[in-house]
Amino acid sequence: MSFWELFIIAVGLSMDAFAVSICKGLSVNKLKFKHAMIVGLYFGGFQAAMPLLGYFLGRQFEWLITSVDHWIAFVLLALIGANMIRESFGKPDELNDSFSFKTMLPLAVATSIDALAVGVTFACLSIEIAPAVSLIGITTFVLSAIGIKIGNVFGVKFKSKAEFVGGAALILMGIKILLEHLGVISF
């Protein structure tokens, strides 16, 4: 998988965290640099840790899934993407101006569950995991820090669009993986 393909996946995965960061930015009256760092570290850290965990879980069961790995990759990415698109049409999240561990931990876990499934996909595709999770973590960190500023300045206007674009990107990557494996296309 090329750098750009991994980058597209990283951006797609980070869209949930970006959207939640926008909401966090809405909840803050006076945004400080530490708010962006907290959000970036929580979301970026969990977005990097979850695919790593998924990768190691996937490697444990690799012998079971090798013959259908392309279908697993396609289904997981399509389901995650479809869920993100569905959420983009849902009602706005409740705003909470706290940056405490109790508040940030559930948000970080909730926005990174899909990355766990992508990690399993990476195991199926024999991706070099260290660069992949680093790219995902850094991308999410940066987009989350930007998202909190956007939310603080512009409001909830971009939240649903970000989730929709992220979901569409993941679905398209899943389709690409499947079509490559079936020999329909090659990159």
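Residues numbered from 1 in each chain as written. Predicted model: local features only at pLDDT ≥ 70, side-chain atom pairs only at ≥ 80, totals over all residues. Heavy atoms only, no water.

A. Molecular detail of the packing of helix H1 (residues 3-27) against helix H2 (residues 33-60). The interhelical angle for the contact between H1 and H2, taken along N-to-C directions, is 160 degrees, at an axis separation of 11 Å. In this view, H1 runs roughly antiparallel relative to H2, as classed from their interaxial angle. You can see that H1 and H2 cross each other, and the crossing is right-handed. Between H1 and H2, the contacting residues are Leu13, Ser14, Ala17, Val20 and Ser21 on the first element and Val39, Phe43 and Gln47 on the second. For the contact of H1 with H2, a count of residues per class yields five nonpolar, three polar and no charged. (Axes fitted to C-alpha atoms, helices over the stretch in contact; angles between N-to-C directions. Helix = DSSP H or I, 4+ residues; strand = E, 2+ residues; numbered from the N terminus. Parallel < 35°, antiparallel > 145°, perpendicular 65-115°, else oblique. Left-handed = near helix turned anticlockwise from the far one by under 90°. Contact = heavy atoms within 4.5 Å. Nonpolar A, V, L, I, M, F, W, Y, C, P; charged D, E, K, R; others polar.)

B. Main features of the side chain of Ser21. Its place among the elements puts Ser21 in helix H1. Using a relative accessible area of 0% as the deciding quantity, one classes Ser21 as buried. Among the polar contacts listed, one links the side chain of Ser21 to the backbone oxygen of Ser144, at a separation of 3.4 Å. (Buried < 20%, exposed > 50% of the residue type's maximum accessible area, 1.4 Å probe, protein only. Polar contact = N/O pair within 3.5 Å; in protein donor to acceptor, adjacent residues only side chain to side chain.)

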